[in-house]
Amino acid sequence: MVAGAFPLAKLLTLGARQLSRPLAARIKAGARASPFFRTYICLPPAQLYHWVEMRTKMRLLGFRGAAVKPLNEDAAAELGAELLGEALVFGVGGLCLYLEYLRQAGQSRRREEHLEQTLSDLRQGLEQLQRDLDELRAQGRAQGGAGHAQGGAGHARGSSGNAPAQAVIAAAGAGPVPAGSGHAPAGSGHAPVATGHTPTH
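Computed from a predicted structure; not experimentally measured.

Looking now at the overall build of the chain. Across its full length, the chain carries four helices and zero strands. The N-to-C order of helical and strand elements in the chain reads α-α-α-α. Counting all 201 residues of the chain, 13% fall into the buried class. When contacts within the chain are restricted to residue pairs at least 6 apart in sequence, those whose partners lie at least 24 apart make up 70%. Element-wise, carbon and sulfur atoms account for 66% of the exposed surface of the chain, whose accessible area totals about 15,200 Å².

Scanning the entire structure with this criterion turns up four salt bridges. Its salt-bridge partner being Asp74, residue Arg38 comes within 2.4 Å of it at the nearest N-O pair. Taken together, the residues span a long stretch of sequence, with Arg38 in helix α2 (residues 35-61) and Asp74 in helix α3 (residues 73-174) at a distance of 36 residues. Its relative accessible area of 54% is what places Asp74 among the exposed residues. The structure contains a network of salt bridges with shared partners spanning Arg38, Glu73 and Asp74.

Attention now moves to the confidence of the model for the chain. Across the chain, the average pLDDT comes to 73, with 64% of residues at 70 or higher. Low pLDDT (under 50) marks residues 177-201, which in the prediction has zero contacts with non-local residues, meaning those over four places away or in another chain.

One pair of aromatic rings is described through two measures. These are the centre distance and the angle between the planes. Applying the stated rule across the entire model yields one aromatic pair. Ring plane angle 40° and centroid distance 5.0 Å describe the contact between Phe36 and Tyr40, whose orientation is recorded as tilted. Here Phe36 and its partner Tyr40 are both found in helix α2, four residues apart, which amounts to about one turn of the helix. Residue Phe36 shares its accessibility class with Tyr40, and that shared class is exposed.

In this section: a nonpolar patch on the surface. Together, Leu95, Tyr98, Leu99, Tyr101 and Leu102 give the surface a local cluster of nonpolar side chains, amounting to about 540 Å² of exposed area. Tracing the backbone shows Leu102 in helix α3. According to the relative accessible area criterion, Leu102 is partly exposed, its value standing at 40%.

Reading guide: rules and limits
Residues numbered from 1 in each chain as written. Predicted model: local features only at pLDDT ≥ 70, side-chain atom pairs only at ≥ 80, totals over all residues. Heavy atoms only, no water. Helix = DSSP H or I, 4+ residues; strand = E, 2+ residues; numbered from the N terminus. Buried < 20%, exposed > 50% of the residue type's maximum accessible area, 1.4 Å probe, protein only. Contact = heavy atoms within 4.5 Å. Areas by Shrake-Rupley, 256 points an atom, 1.4 Å probe, with all protein chains shown as cover. Salt bridge = Lys/Arg side-chain N within 4 Å of Asp/Glu carboxyl O. pLDDT = per-residue confidence, 0-100. Phe/Tyr/Trp six-rings, centres within 6.5 Å; stacked < 30°, edge-to-face > 60°. Patch = residues over 30% accessible without salt bridge, like charges linked within 9 Å, V, L, I, M, F, W, Y side chains within 5 Å.

Pasting the structure below:
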């Protein structure tokens, strides 16, 4: 944008110079034709420019006390018209440069604002993602704690459910003891039978 802006400003300045030349010619013609324009517009700037120029030259040459002779009316009118034409050219060129500078500054400011807005949106998005991640982590920890609690309760119910089964097993293990003791008399009852056969032999 900047590379293309300055050639555009140069073209505008050159165009203004080209347009100012006919305007300077019209100013010269007006200075010759109109006494008011000649007296109050062209002559004062021309005489001032001539005085400053001559004083500067005389100071450089060492003439400090010499008086400056003013220009005659015709020469002052010509010089005043030239000065007005050049001032117009430089004024238009400076205005073009100033407008171009304002345009470039406005574009730079808009780019910076757009960049800042983009960065702000990205920061807000990151903050929102961080909040969502924190919420998900909190939910995960809460669900994990509830699962552990349910698992502990299940183990407790399983242990209490095994208690009757263990009691039944214990009762079943205690049952054969009386049965063994009941067989003891039967064994002792067979003993006389065996002794009864002994005399037969």
